Amino acid sequence: MKKKKRKLRQDIKKRVGERDDYTCYICGRTVPNMTVDHIQPECRGGTDDLDNLAACCHKCNQLKRDMTLTELVFKLFSDATVGARQVGLDIDLFQTIRT
């Protein structure tokens, strides 16, 4: 049985958004309707401490799911064109970084 996700308090979400300038830490887009991502996923021992939370757009948060950022990067690098498009990254820039 899957554990039901609990929502972060609105004051924590606001503090993270203000600290990160409402900018997704994965793709760099400014996101006024941002989500908050656990950098170290809760299912892997991550906490709700502010240093483990980051502003994240919905698309990137859905793509990252319960992975670490390193795992997400490896996933995107395994198929750079598809992965980069999923997140909305510049394909030419992503290919340059990849090589």
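Residues numbered from 1 in each chain as written. Predicted model: local features only at pLDDT ≥ 70, side-chain atom pairs only at ≥ 80, totals over all residues. Heavy atoms only, no water.

A few words on the side chain of Thr68. Mapped onto the elements, Thr68 comes out in the loop between helix H2 (58-64) and helix H3 (69-78). By relative accessible area, which is 17% here, Thr68 ends up buried. Discounting chain neighbours no more than four positions away, the residues touching Thr68 are Ile39, Gln40, Pro41 and Arg44. (Helix = DSSP H or I, 4+ residues; strand = E, 2+ residues; numbered from the N terminus. Buried < 20%, exposed > 50% of the residue type's maximum accessible area, 1.4 Å probe, protein only. Contact = heavy atoms within 4.5 Å.)

The subject of this paragraph is the nonpolar core. In terms of nonpolar packing, the biggest core is built from 18 residues, with Cys24 and Cys60 touching the most fellow members. By residue number, the principal contributor to this core is strand E2 (residues 53-56), which donates three residues. Each residue touching Cys24, except ones within four places of it in the same chain, is listed here: Arg29, Val31, Ala55, Cys56, Cys57 and Cys60. (Core = buried A, V, L, I, M, F, W, Y, C linked by side-chain atoms within 4.5 Å.)

A few words now on the pairing of E2. On E2, burial covers both faces: Leu53 and Ala55 on one face and Ala54 and Cys56 on the other are all buried. Looking at chain direction, strand E1 (residues 35-38) and E2 are connected through four bridges and run antiparallel. Following the sheet pairing, Val36 is matched in E2 by Ala55. (Pairing = 2+ DSSP bridges.)

Right, let's get into the confidence of the model for the protein chain. In this model, the protein chain carries an average pLDDT of 80, and 73% of its residues clear a pLDDT of 70 or more. Within the protein chain, the lowest mean pLDDT, 49, falls on helix H5 (residues 91-98), and the highest, 95, falls on E2. (pLDDT = per-residue confidence, 0-100.)

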